[in-house]
Amino acid sequence: MKVTLICNSDLLGGASVVTYRLMQALNHEGIDARMLVYTRLTDDPQVEVVGTRTMRGATFLWERGLIYLNNGMNRKDLFKVSVANTGYPLHKHHCVKDADIIVISWINQGLLSLEGIKRIAELGKPIVWTMHDMWNLTGICHHAYDCHRYKEQCGKCPLLGARKENDLSRHTWERKLNLYNTTPIHFVAVSHWLADRCAESSLMKGRDVSVIPNAVPADSFFTSTTHRLTEFGIDYSRNLIVMGAARLDEHIKGLPYAIEALNYLFDNHPEVARHAQIVFFGDLRHPEVLDTIRFPHVWTGRINDPKLLRMIYASSKVVLSSSLYETLPGTLIEGQASGCLPVTFGRGGQSDIVTHLKDGYIAEYLNPKSLAEGLRWALSQNPDRQALHDSVRDRFSSAEVARRYITLFNRLLSK
């Protein structure tokens, strides 16, 4: 069986990382899997780049330019939405023409248009579309936050600052509706939370949706290590909390809530703060935000070496996420695979990972004091780290996820 996975990148961003892992897992299970990407960061021969740098720049600017002209030239919200109005003619690519199954992943910012997906479908191949955020079920936004207009027909989009119903979000909603109504696509939600949002969506209600989580190479994570990363200033004599993201101060990561929770612990439970330290990893656009933290902390910056990151996880007791929304938070799974107890808000796929007060803590949404209580609870526990690792392997291992996709592929091909 030949499978081609289409994604914006192979390693740039969470959706790209898990799609690349899925490709590797499928190959390990005997499937001939390849990726088509817009931006390649690996030298993997099974990953092919489409287009030239000039073409990629042109399609990227075309999509972003249309959004910019429709959102009042608001740069702040420019990347919170996508419209898939342009892209490459991937239906002509040999990897697409030779494949038995096409898996679409995160394809925005100029890789593939909605019309391009229809052209691929005309080749007569089954299409599986893995959803990593809410974009498939809304008009244009990747996360709807507190907006519920996706349950109707979108329009008057708050991220566009639009005052009329017939705006860019409504036009894109109509284009998606036409695609979904005329093109056989099987959708995969990476969490039950995302599948529930699909059931509420005017675009997705009644569509074919399976729930298959992201693949995690669980056995590459270890639950203890004697190696010490002295270059980061980590105090290994303390109970370590780890928190990370590609960009820590991206709005959706909720960093202010984490800071407030940590400062609450420092002020009200100094005995906890004396024996703990939080390790932040990832980019920060404004590093000075960490100057407001009174709780002991270090910031490593971006860590590109997976081995170093796994050493930090294995040395930590708790993995923290204060994200406002997450479809299936990877840092929580990775931390749990390393024997850490997750502490998190629950707006998203966290309940697919954490059973409250059993193998983690789900705090009251947007309540820093509840988040602080979760940290205090987790730091007081002495969990079986190997059992936490094994639970991740049982639910999210690459082999298990690959087998579930293969079962789906075979079912679609049999039709």
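The rules behind each value
Residues numbered from 1 in each chain as written. Predicted model: local features only at pLDDT ≥ 70, side-chain atom pairs only at ≥ 80, totals over all residues. Heavy atoms only, no water. Salt bridge = Lys/Arg side-chain N within 4 Å of Asp/Glu carboxyl O. Buried < 20%, exposed > 50% of the residue type's maximum accessible area, 1.4 Å probe, protein only. Axes fitted to C-alpha atoms, helices over the stretch in contact; angles between N-to-C directions. Helix = DSSP H or I, 4+ residues; strand = E, 2+ residues; numbered from the N terminus. Left-handed = near helix turned anticlockwise from the far one by under 90°. Contact = heavy atoms within 4.5 Å. Nonpolar A, V, L, I, M, F, W, Y, C, P; charged D, E, K, R; others polar. Parallel < 35°, antiparallel > 145°, perpendicular 65-115°, else oblique. Pairing = 2+ DSSP bridges. Polar contact = N/O pair within 3.5 Å; in protein donor to acceptor, adjacent residues only side chain to side chain. Core = buried A, V, L, I, M, F, W, Y, C linked by side-chain atoms within 4.5 Å. Phe/Tyr/Trp six-rings, centres within 6.5 Å; stacked < 30°, edge-to-face > 60°. Lys NZ or Arg CZ within 6 Å of the ring centre and 35° of its normal. Right-handed = clockwise from strand over helix to strand, strands pointing away.

**Focus: the pattern of salt bridges**
And then number 1: Applying the stated criterion to the full structure yields 20 salt bridges.
And then number 2: Among the ionic pairs, Arg170 bridges to Glu165, the shortest N-O distance being 3.2 Å.
And then number 3: Two residues, Arg247 and Asp249, come together in a salt bridge whose shortest N-O distance is 3.0 Å.
And then number 4: The exposure class of Asp249 is buried, given its relative accessible area of 18%.
And then number 5: A network of salt bridges, in which partner residues are shared, links Glu29, Glu400 and Arg403.

**Here we look at the packing of helix H7 (residues 255-268) against helix H11 (residues 368-380)**
And then number 1: Taken N-terminus to C-terminus, the directions of H7 and H11 make an angle of 60°; their axes are 8 Å apart at the nearest point. In the packing of H7 onto H11, the handedness of the crossing is right-handed. Contacts between H7 and H11 pair Tyr257, Ala258, Glu260, Ala261, Leu262, Tyr264 and Leu265 from the former with Pro368, Lys369, Leu371, Ala372, Leu375 and Arg376 from the latter.
And then number 2: Looking at the contact of H7 with H11 residue by residue, the classes come out as ten nonpolar, no polar and three charged.

**A word on the packing of helix H1 (residues 14-28) against helix H13 (residues 398-414)**
And then number 1: Look at H1 against H13: their axes get within 9 Å of each other, and the N-to-C directions meet at 80°. The angle between the axes of H1 and H13 places the two elements in the roughly perpendicular class. On H13, the residues that touch Leu22, Ala25 and Leu26 of H1 are Ser398, Val401, Ala402, Tyr405, Ile406 and Phe409.

**Points about the sheet that holds strand S10 (residues 297-299)**
And then number 1: With parallel pairing, the six strands of this open sheet are ordered in space as S10-S9-S8-S11-S12-S13. Every other strand in the sheet has two partners, leaving S10 and strand S13 (361-363) as the edge strands with one partner each. Averaged over all neighbouring strand pairs, the angle between strand axes comes to 20°, with direction disregarded.
And then number 2: In this structure, strand S12 (residues 341-345) lies alongside S13, joined through three bridges in parallel fashion. Bridge assignment links Phe345 to a residue of S13, and that residue is Ala363.
And then number 3: Contacts from H7 reach strand S8 (239-247), strand S9 (276-283), strand S11 (318-321) and S12 within the one sheet, and its direction differs from that of S9 by about 165°.
And then number 4: Docked against the sheet, helix H10 (residues 330-337) engages S8, S9, S11 and S12, running at close to 175° with respect to S11.

**Overview of the side chain of Asn71**
And then number 1: Residue placement: Asn71 occurs in the loop between helix H2 (53-70) and helix H3 (94-97).
And then number 2: Residue classification places Asn71 among the buried positions, given a relative accessible area of 5%.
And then number 3: One polar contact links the side chain of Asn71 to the main-chain amide nitrogen of Met73, over a distance of 3.0 Å.
And then number 4: Separated by 2.8 Å, the side chain of Asn71 and the backbone oxygen of Asn74 make a polar contact.

**Description of the sheet that holds strand S7 (residues 209-211)**
And then number 1: Spatially, S3-S2-S1-S4-S5-S6-S7 is the arrangement adopted by the seven strands of the open sheet, whose pairing is parallel. With partners counted over all chains shown, the strands left at the sheet margins are strand S3 (47-49) and S7, one partner each. Taking each pair of neighbouring strands and ignoring which way they run, the sheet shows an average axis angle of 25°.
And then number 2: Two strands pair when backbone bridges link them, and strand S1 (residues 2-9) and strand S4 (residues 101-104) are joined in this way by four bridges, in the parallel orientation. In the sheet register, Thr4 faces S4, and the bridge partner there is Ile102.
And then number 3: Along the sheet face, helix H4 (residues 114-121) touches S1, S4, strand S5 (127-131) and strand S6 (185-189) and points at about 145° away from the line of S5.

**Topic: the nonpolar core**
And then number 1: Residues Ile6, Leu90, Leu111, Ile117 and Trp129 are the most contacted members of the largest nonpolar core, which totals 81 residues.
And then number 2: Beyond its immediate stretch of four places on either side in the chain, Leu90 contacts Ile6, Leu36, Val50, Val96, Leu111, Leu112 and Ile120.
And then number 3: By size, the runner-up hydrophobic cluster in this structure holds 33 residues, among which are Val272, Phe280, Leu341 and Ala363.

**Things to note about the packing of aromatic side chains**
And then number 1: Following the criterion strictly, the structure yields 13 aromatic pairs and no others.
And then number 2: Ring plane angle 25° and centroid distance 6.1 Å describe the contact between Trp129 and Phe187, whose orientation is recorded as stacked. Taken together, the residues Trp129 in strand S5 and Phe187 in strand S6 connect sequence positions 58 residues apart. Like Phe187, Trp129 is buried.
And then number 3: Seen in terms of ring centroids, Tyr257 and Phe345 are 5.9 Å apart; in terms of plane orientation they differ by 85°. Their pairing is edge-to-face. Taken together, the residues span a long stretch of sequence, with Tyr257 in helix H7 and Phe345 in strand S12 at a distance of 88 residues.
And then number 4: Cluster of aromatic residues (ring-pair linked, three or more members): Tyr145, Tyr257, Tyr325, Phe345 and Tyr365.
And then number 5: When the ring centre of Tyr365 is taken as reference, the NZ or CZ atom of Arg347 above it lies at 3.9 Å.

**A short note on the pairing of S12**
And then number 1: In terms of burial, S12 is a largely internal element, five of the five residues being buried.
And then number 2: Residues of S12 alternate between two faces, with Leu341, Val343 and Phe345 on one and Pro342 and Thr344 on the opposite face, all of them buried.
And then number 3: As defined by bridge partners, S11 adjoins S12 across four bridges and the pair is classed as parallel. By the bridge assignment, Val319 is partnered in S12 with Pro342.
And then number 4: You can see the chain leave S11, run along H10 and come back into S12, and the turn it takes is right-handed.

**Comments concerning the pairing of S5**
And then number 1: Across the five residues of S5, five count as buried, placing the element largely inside the fold.
And then number 2: The alternating pattern of S5 places Ile127, Trp129 and Met131 and Val128 and Thr130 on opposite faces, both of which are buried.
And then number 3: Where S4 lies against S5, three bridges are found, and the strand directions are parallel. Bridging from a neighbouring strand, Val103 pairs with Val128 of S5.

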